[in-house]
Amino acid sequence: MDHLLPKVEIDPSAGFCSGVKRAIEATEQLLSQPDDVFCLGEIVHNEAELERLNNLGMKILNREKDNTGDIKGRIIIRAHGEPPSTFERLQAEGTTVVDATCPVVIRLQQRVKKASAEMMEARGSVIIFGKPGHPEVQGLLGNSSGNAIVIRAVEELDRIDLTRPLRVFSQTTSDLGAYNKFCEAILAGAAKASGEKSDVIINQTVCSQMSRRGPGIEQFALSHDVIVFVSGSGSSNGKYLSGISKAKNSRTYVVTDTGQVKPEWFVNALSIGVSGATSTPVWLMHQVAGEITRMIKND
Ligand code: SF4
């Protein structure tokens, strides 16, 4: 007698955010034309997608080490953006630049620039809640007038002069809960230091496409017996979302590609969910779902 096969569902909210999708589409369009195509840093933190684009002809430049002056071809600026100094340097080198900075990041750069100029007048600071050295943060710092401080966690609050005017922003990919906690602490600290005279403005700049994914993966993880989470090994968003999934469903397994899927994960499972990070291509999730279906049929 045939036994009932488990259902395999791909998370409808998983896959590229609009900024990454836009950058990849721009790259594909460039790759369909004759000149060489380079990307300044990894266009997306996913090995399989990088390999696909590499097979189409895209080459990745190391932001720190490669000499862009030697490049003959077009250079893509990825969704994270770059500081103005990068654009100036590439322009001086005569390179053709294709700017695929996410529009959400561009708006944040403009807001940081404006706030930073205001804080120069008011002798205050811009606070950026994010990862020091992250390319998006470097782009934000490059748009400030030198009065921005990057803070990674609430524990670093003592690096800020809370008696001064402050304009607070977050990297678009920060964890919303951690940013809210940080903002509460900075407001409380400034009120304690300056009372009613405190001048702190909090800007809500975590990207909604990121913050929505946390509650989304929670629900998805709870509604399946097993979750296979597909993510590049260097994707911090993948680590974050798969961690949430694991907390809600202990039968969560993280894979980078079909080769890592194991049939024993699906014993007694009636429903299997396949999800991924904002850097995971949908085609890869389909491949993994196909492999799972093949395994459970052969079981
Ligand atoms: S996470 Fe948001 S801000 Fe960042 S690239 Fe994607 S859409 Fe743009």
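Asks: Just checking my understanding: could you explain the overall build of the protein for this structure?
Replies: Counting its secondary structure elements, the protein contains 10 helices and 12 strands. Considered along the principal axes of its C-alpha atoms, the protein spans approximately 80 × 55 × 25 Å. Residue burial in the protein is summarised as follows: out of 299 residues, 47% are buried. Counted over contacts in the protein with a minimum sequence separation of 6, partners at least 24 positions apart contribute 70%. For the protein, the accessible area works out to roughly 14,800 Å², and carbon and sulfur atoms hold 51% of it. Separation of charge centres in the protein, based on 33 positive and 35 negative side chains, amounts to 3 Å.

Asks: Hey, could you run me through the pattern of salt bridges in this one?
Replies: Pairing between side chains of opposite charge can happen when the charged atoms of each approach one another. Counting across every chain of the model gives 11 salt bridges. For the salt bridge of glutamate 82 with arginine 63, the shortest nitrogen-to-oxygen distance reads 2.7 Å. Remark: arginine 63 occurs in the loop between strand 3 (58-61) and strand 4 (74-77) and glutamate 82 occurs in the loop between strand 4 and helix 3 (84-92); sequence separation between them is 19 residues. Since its relative accessible area comes to 2%, glutamate 82 is described here as buried. Residues lysine 114 and glutamate 118 are paired through a salt bridge, measuring 3.9 Å at the closest nitrogen-oxygen approach. Here lysine 114 and its partner glutamate 118 are both found in helix 4 (residues 103-122), 4 residues apart, which amounts to about one turn of the helix. Linked by salt bridges that have partners in common, Glu28, Glu49 and Arg52 make up one network.

Asks: So what exactly am I meant to see when it comes to the site of the ligand here?
Replies: Taken together, the residues surrounding the ligand are Cys17, Ser18, Gly19, Ala79, Cys102, Val104, Val105, Thr172, Cys207, Gln209 and Met210. Among the secondary structure elements, those contributing two or more residues to the shell around the ligand are helix 1 (18-31), helix 4 and helix 7 (208-211). Here the shell around the ligand spans two domains, since at least three of its residues come from each of domain 2 (18-101) and domain 3 (104-206).

Asks: What's the story with the side chain of histidine 134 in this structure? I'm lost.
Replies: Counting through the fold element by element, histidine 134 comes out in the loop between strand 6 (125-129) and helix 5 (135-142). Relative accessible area serves as the criterion here: at 14%, histidine 134 is assigned to the buried category.

Asks: Where do I start with the domain arrangement of the protein in this structure?
Replies: Bring the parts together and some accessible area is lost; that lost area is often taken as the interface size. Domain boundaries in the protein define domain 1 (7-15 + 211-298), domain 2 (18-101) and domain 3 (104-206). Domain 2 and domain 3 are separated by 29 Å when their C-alpha centres are compared. On the side of domain 3, 10 residues touch domain 2, which itself brings 9 residues to the contact. Buried surface at the junction of domain 2 and domain 3, summed over both partners, amounts to about 740 Å²; 56% is from carbon and sulfur atoms. The interface formed by domain 2 and domain 3 holds 0 salt bridges in total.

Asks: For this particular structure, what's the right way to read the packing of aromatic side chains?
Replies: Where two aromatic rings form a pair, the distance of their centres and the angle of their planes describe that pair. In the structure shown here, the tally under the stated rule is 4 aromatic pairs. Between phenylalanine 129 and tyrosine 179 the ring centres are 5.6 Å apart and the planes differ by 35°, which places this aromatic pair in the tilted class. Of this pair, phenylalanine 129 sits in strand 6 while tyrosine 179 sits in helix 6 (residues 176-194); the two residues are 50 residues apart in sequence, bridging distant segments of the chain. Using a relative accessible area of 0% as the deciding quantity, one classes tyrosine 179 as buried. One aromatic cluster in this structure is built from Phe129, Tyr179 and Phe182.

About the cut-offs
- Residues numbered from 1 in each chain as written.
- Predicted model: local features only at pLDDT ≥ 70, side-chain atom pairs only at ≥ 80, totals over all residues.
- Heavy atoms only, no water.
- Helix = DSSP H or I, 4+ residues; strand = E, 2+ residues; numbered from the N terminus.
- Buried < 20%, exposed > 50% of the residue type's maximum accessible area, 1.4 Å probe, protein only.
- Contact = heavy atoms within 4.5 Å.
- Areas by Shrake-Rupley, 256 points an atom, 1.4 Å probe, with all protein chains shown as cover.
- Lys, Arg positive; Asp, Glu negative; His and termini not counted.
- Charge placed at Lys NZ, Arg CZ, Asp CG, Glu CD.
- Salt bridge = Lys/Arg side-chain N within 4 Å of Asp/Glu carboxyl O.
- Near = heavy atom within 4 Å.
- Domains from an automatic or database assignment.
- Buried area = accessible area lost by both parts, 1.4 Å probe.
- Phe/Tyr/Trp six-rings, centres within 6.5 Å; stacked < 30°, edge-to-face > 60°.

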